[in-house]
Amino acid sequence: RMRLLIWVPVIHNYADMGLTKEQAMADKHFREIDPAVERLWDVIGREIAKLNLDYRNVQIYMDSWFPCANPVRYVELFASKGSRNFELIARYIRQGAELMATENIFHFIIPKFLFRFVGMYSWGPYWFWDMKVKIILVLSSFYNQLNPLGTVSSNMKLRDQYVANRIDESLKDGKIGLLFMGAKHEVTDYITAQDIKVIMLPAVVLEAYRLRAEFNL
């Protein structure tokens, strides 16, 4: 039987970055992109709804999601903080979908720390920027020495390969996978199983990549 995988490229909103709405609106970057990101999530929700899925037959794979003891609790928590991604997933779980452990924490936790340390928004006085960059370079070099899998930049490929393998191993026969990953990811390039058919949602892909180009995300 054919296994279906629906690829949903996403742009994360402020809540996914660990910010409150107030913090995000105080920052020029988030203030500019927030309306566009909200529109993208409206499109995602609408296009998935058109599929009329039986969520009891759906397995969800998600950017940055690792095994945890009580996934439903955390999904509801993040949804309550304003994450549009978790809001949708919470809705699907209530209808019977299963959220799958998706990523390998060892490919992710240190790169995420470094990215958040740099941030997509400025912090501290302007003169501190040069020092901040030097700190990142040192941390990146140190991380690369500890981690033979590669640098922060190459970890994107490793993550995508891991997620693709994870889907191949865990997506059950006859099931439908929903894959929510940042629009920079290329997980589907590494899906090699002959019985997995990847489905794109054209309106979602168009909007996600338009946002990437417009805001250089």
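All figures in this text were calculated on a predicted structure; none of them were measured in a lab.

Trainee: I'd love a proper account of the side chain of Arg 3, names of residues and values included.
Mentor: Here Arg 3 shows up in strand S1 (residues 3-10). The exposure class of Arg 3 is buried, given its relative accessible area of 5%. Side-chain polar atoms of Arg 3 contact the backbone oxygen of Asp 168, separated by 2.9 Å. One polar contact links the side chain of Arg 3 to the main-chain carbonyl oxygen of Leu 171, over a distance of 2.6 Å.

Trainee: Kindly report on the pairing of S1, identifying the contributing residues and their values.
Mentor: Of all eight residues in S1, seven are buried, a share of seventy percent or more. In terms of strand pairing, S1 meets strand S5 (residues 196-200) through five bridges, oriented parallel. Residue pairing for S5: Ile 6 is matched across the bridge by Ile 199. Here S1 pairs with strand S4 (residues 176-182) via seven bridges, running parallel. By the bridge assignment for S4, Val 8 is matched with Phe 180.

Trainee: Describe the pattern of salt bridges, with residues and values.
Mentor: The full count for this structure, using the stated rule, is 15 salt bridges. The residue Glu 47 makes a salt bridge to Lys 50 at a minimum N-O spacing of 3.0 Å. Here the residue Glu 47 and the residue Lys 50 both occupy positions in helix H2 (residues 28-50), the gap between them amounting to three residues, near one helical turn. The buried category is assigned to Glu 47, whose relative accessible area is 14%.

Trainee: I'd like to hear about the packing of aromatic side chains, residue by residue, with values.
Mentor: For any pair of aromatic rings, geometry is given as the distance between the ring centres together with the angle between the planes. This model, assessed by the stated rule, comprises four aromatic pairs. Seen in terms of ring centroids, Tyr 55 and Tyr 92 are 4.6 Å apart; in terms of plane orientation they differ by 5°. Their pairing is stacked. Taken together, the residues Tyr 55 in the loop between H2 and strand S2 (58-62) and Tyr 92 in helix H4 (residues 84-94) connect sequence positions 37 residues apart. Like Tyr 55, the residue Tyr 92 is buried in the burial classification. An aromatic cluster is defined as three or more aromatic residues linked by ring pairs; in this entry it consists of Trp 65, Tyr 74, Phe 78 and Phe 86.

Here is what the cut-offs are and how they apply
Residues numbered from 1 in each chain as written. Predicted model: local features only at pLDDT ≥ 70, side-chain atom pairs only at ≥ 80, totals over all residues. Heavy atoms only, no water. Helix = DSSP H or I, 4+ residues; strand = E, 2+ residues; numbered from the N terminus. Buried < 20%, exposed > 50% of the residue type's maximum accessible area, 1.4 Å probe, protein only. Polar contact = N/O pair within 3.5 Å; in protein donor to acceptor, adjacent residues only side chain to side chain. Pairing = 2+ DSSP bridges. Salt bridge = Lys/Arg side-chain N within 4 Å of Asp/Glu carboxyl O. Phe/Tyr/Trp six-rings, centres within 6.5 Å; stacked < 30°, edge-to-face > 60°.

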